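Summary of the model geometry
Now for the letters of each chain:
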Amino acid sequence: MSNQPGIDNAALQEAAKRNLWLHFTRMSTFADADMPLIVRGSGQYVYDQHGKRYLDGLSGLFVSQIGHGRAEVAEAGARQACELAYFPLWSYANPRAIELAARLADLAPGDLNRVFFTTSGSEAVESAWKLAKQYFKTIGEPDRYKVLSREIAYHGTSLGALAITALPGIKAPYEPLPAGGVRIPNTNFYRAPGFVADDWAAFGLWAADEIERAILREGPESVAAVFIEPVQNSGGCFPPPPGYFARVREICDRYGVLLVSDEVICAFGRLGYYFGAERYGYQPDIITFAKGVTSGYAPLGGMLVSDRLMEPFIEGHTTFLHGITFAGHPVSCAVALANLDVFEKEDLLGNVRANEAAFRATLEKLNDLPIVGEVRGDGYFYGIELVKDKVSRETFDDDESERLLRGFLSQALFSAGLICRADDRGDPVIQLAPPLTCTQEHFNEIEQVLRSVLTEAWSRI
Ligand SMILES: Cc1ncc(COP(=O)(O)O)c(C=O)c1O
């Protein structure tokens, strides 16, 4: 196959194999094979070194909300780099960080009006935990340090964030992790315990009440915060049952525990709102964000908190003893502002709200395939759980998962021109989170590729 202009695939592959380390990737896969190479993006599509086109069904990694190749956003970054490329938020402010903080405060639900910037989601999560710990020490509740998070949830990889992440497989090599991570159930209704398996709302209240039981078990005076995504990604999109977040909020208030809405994926339109908490009508004490805030045109993350949490740090000598060199980078903030301009100009939230039912309906056509157990999600954020037996909901064993997901599906979907994710960190799922600009033609393309690849997968089981 011929290369795109300016691309020498052989030289890049050789250098990649020698020098580059891919994340969460079994590098031995490339001993005798090329690394997938993405060289260009435009709209909802990306292109490889040979010019082959792929529908970006995962927005890169839940990032590219406005799609690829937006010159106006790139140019906003370039202009800022010429004016002031860098200055730290340690002791100094810069205009773009101020403007972005004010804009996010306007968009955020309720009284969340203070932004602490980071460069990534893991740093945002870890910052929220550090703030919770220091806040409680400062107000005279020094024993509160534990953090509750839901089974198989992913909250990042740095050691603090990893202690909150609840995927045993990716934690094991790094134990012992910082103390204080406590597990609570997620809202996977497809695999709900028998006594609430027929009642979505009752299941939600049970899952929320388990948080109260965990707080009581641990000792309320030791619990600082509960970290929850509006829709849990890991495991394949678990939306909240009705009443779930109202009950969680009530429990947090009862025991003085902070509710952290980890919106690293769910914010910035993924669910048709700027923040997922708005969609489900709850008020967090902290929102963590990253990814879609810049649509990936530069790295940025952060946390939004209320003045109530900020109070001990506003007066007197107390300082939040935490900082990151590149956090609130002027170029990233300029890019985020331009990204939000695109959201407004093109009414991307409106596009998601207008089309999400069509997206769901198109994916639900796949329910006629024997391998599809459940299609679930909200907005432009879906998981498709794969099963061995539709009726009993029996899942695949480790060997089958290995053969099916790693050995076949990931590669076959990519070859068929669809970037999405085949994940078995819980039960095997296909994850989808396309750019917010997608419409019916893209949903059809996703459905057609999945239909043919999943049909082939079933014939190989
Ligand atoms: C919910 C959630 N929190 C935190 C993170 C960590 O973000 P990052 O990879 O930017 O550190 C992720 C990443 O996917 C995430 O999905």
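Coordinates for the structure precede this section.
Here we summarise the structure given alongside this text. (Residues numbered from 1 in each chain as written. Predicted model: local features only at pLDDT ≥ 70, side-chain atom pairs only at ≥ 80, totals over all residues. Heavy atoms only, no water.)

**Overview of the sheet that holds strand 7 (residues 223-228)**
Here we have 7 strands laid out as an open sheet, ordered 4-10-9-8-7-5-6, and mixed in their pairing. Of all the strands in the sheet, just strand 4 (112-118) and strand 6 (181-184) have a single pairing partner and so form its edges. Averaged over all adjacent pairs, the angle separating strand axes in this sheet is 25 degrees, with direction ignored. In terms of strand pairing, strand 5 (residues 146-150) meets strand 7 through 4 bridges, oriented parallel. Considered in strand 7, the bridge of Lys-146 is made with Val-223. Against the sheet, helix 11 (residues 307-314) contacts strand 4, strand 8 (258-262), strand 9 (286-289) and strand 10 (301-306), and its axis sits at roughly 90 degrees relative to strand 10. (Pairing = 2+ DSSP bridges. Helix = DSSP H or I, 4+ residues; strand = E, 2+ residues; numbered from the N terminus. Axes fitted to C-alpha atoms, helices over the stretch in contact; angles between N-to-C directions. Contact = heavy atoms within 4.5 Å.)

**A look at the pattern of salt bridges**
Using the criterion set out here, one finds 32 salt bridges in the structure. One salt bridge in this structure joins Asp-285 and Arg-249, with 3.0 Å as the shortest N-O distance. Linking Asp-285 in the loop between helix 10 (276-280) and strand 9 with Arg-249 in helix 9 (residues 244-255), this pair joins segments that are 36 residues apart in sequence. Both residues of the pair, Asp-285 and Arg-249, belong to the buried class. Close ionic contact of Arg-254 with Glu-250 constitutes a salt bridge, the shortest N to O distance being 3.2 Å. With Arg-254 and Glu-250 both in helix 9, this residue pair falls 4 residues apart, about one helical turn. For Glu-250, a relative accessible area of 41% translates into the label partly exposed. (Salt bridge = Lys/Arg side-chain N within 4 Å of Asp/Glu carboxyl O. Buried < 20%, exposed > 50% of the residue type's maximum accessible area, 1.4 Å probe, protein only.)

**Re the site of the ligand**
Residues in close proximity to the ligand include Ser-120, Gly-121, Ser-122, Tyr-154, His-155, Gly-156, Glu-229, Asp-262, Val-264, Ile-265 and Lys-291, which together make up its full environment. Measuring from an oxygen atom of the ligand, one finds a backbone N or O atom of Gly-121 at 2.8 Å. For the ligand, an oxygen atom lies 2.6 Å from a polar atom in the side chain of Ser-122. Across the shell around the ligand, the residue classes tally to 3 nonpolar, 5 polar and 3 charged. (Near = heavy atom within 4 Å. Polar contact = N/O pair within 3.5 Å; in protein donor to acceptor, adjacent residues only side chain to side chain. Nonpolar A, V, L, I, M, F, W, Y, C, P; charged D, E, K, R; others polar.)

**A look at the sheet that holds strand 11 (residues 372-378)**
One open sheet holds the 4 strands; their spatial order is 11-12-15-14, and the pairing between them is antiparallel. Both edges of this open sheet fall to strand 11 and strand 14 (421-423), since each of them pairs with a single strand only. The average angle at which neighbouring strand axes cross in this sheet is 20 degrees, direction not considered. Against the sheet, helix 13 (residues 348-364) contacts strand 11, strand 12 (381-386) and strand 15 (429-432), and its axis sits at roughly 15 degrees relative to strand 12. Along the sheet, helix 15 (residues 440-460) contacts strand 11, strand 12 and strand 15; its crossing angle with strand 15, the most-contacted strand, is approximately 165 degrees.

**A few points about the packing of helix 5 (residues 121-138) against helix 11**
The N-to-C vectors of helix 5 and helix 11 enclose an angle of 60 degrees; their axes lie 10 Å apart at closest approach. If you check the angle between helix 5 and helix 11, you find them oblique. In the crossing of helix 5 with helix 11, the sense of the turn from one axis to the other is left-handed. Here Leu-131, Gln-134, Tyr-135 and Thr-138 of helix 5 come into contact with helix 11, specifically with Arg-308, Leu-309, Pro-312 and Phe-313. The residue inventory of the contact of helix 5 with helix 11, partitioned by class, reads 5 nonpolar, 2 polar and 1 charged. (Parallel < 35°, antiparallel > 145°, perpendicular 65-115°, else oblique. Left-handed = near helix turned anticlockwise from the far one by under 90°.)

**Thoughts on the state of the cysteines**
For the coordinates displayed, the defined rule picks out 0 disulfides. Looking at Cys-333, it has no disulfide partner, and the nearest cysteine sulfur is the one in Cys-82, 17 Å off. Exposure remark for Cys-333: the relative accessible area of 0% places this residue in the buried category. Of all cysteine sulfurs in the structure, the one in Cys-237 sits closest to Cys-420, which takes part in no disulfide; the separation is 12 Å. (Disulfide = S-S within 2.5 Å.)

**Here's the deal with the pairing of strand 9**
Neither face of strand 9 is left uncovered, since the one carrying Ile-286 and Thr-288 and the one carrying Ile-287 and Phe-289 both have all their residues buried. Pairing analysis gives 3 bridges linking strand 8 to strand 9, with the strands arranged parallel. The residue of strand 9 that forms the bridge with Asp-262 is Thr-288. Note that strand 9 and strand 10 share 4 bridges and pair antiparallel. Residue pairing for strand 10: Ile-286 is matched across the bridge by Val-305.

**Points about the packing of aromatic side chains**
Remark: the centre distance and the inter-plane angle together describe each pair of aromatic rings, the angle taken between the planes. According to the stated counting rule, one finds 22 aromatic pairs in the structure shown. Over the ring of Phe-136 we find Arg-144; its NZ or CZ atom is 5.1 Å from the centre of that ring. Geometry around Tyr-273 places Arg-353 over its ring, the cationic atom sitting 3.9 Å from the centre. (Phe/Tyr/Trp six-rings, centres within 6.5 Å; stacked < 30°, edge-to-face > 60°. Lys NZ or Arg CZ within 6 Å of the ring centre and 35° of its normal.)

**Examining the packing of helix 4 (residues 95-107) against helix 12 (residues 330-345)**
For the pair helix 4 and helix 12, interaxial distance at closest approach is 8 Å and the crossing angle is 40 degrees. As far as their axial angle goes, helix 12 and helix 4 are oblique. As for the relative orientation of helix 4 and helix 12, their crossing is left-handed in sense. On helix 12, the residues that touch Arg-96, Ala-97, Glu-99, Leu-100, Arg-103, Leu-104 and Leu-107 of helix 4 are Pro-330, Cys-333, Ala-334, Ala-336, Leu-337, Leu-340, Asp-341 and Glu-344. Of the residues assigned to the contact of helix 4 with helix 12, the class counts are 10 nonpolar, no polar and 5 charged.

**A closer look at the side chain of Ser-64**
In this fold, Ser-64 is placed in the loop between helix 2 (59-62) and helix 3 (71-84). Owing to a relative accessible area of 7%, Ser-64 belongs among the buried residues under this scheme. Beyond its immediate sequence surroundings of up to four residues, Ser-64 is in contact with Asp-56, Ser-59, Ser-295 and Pro-435.

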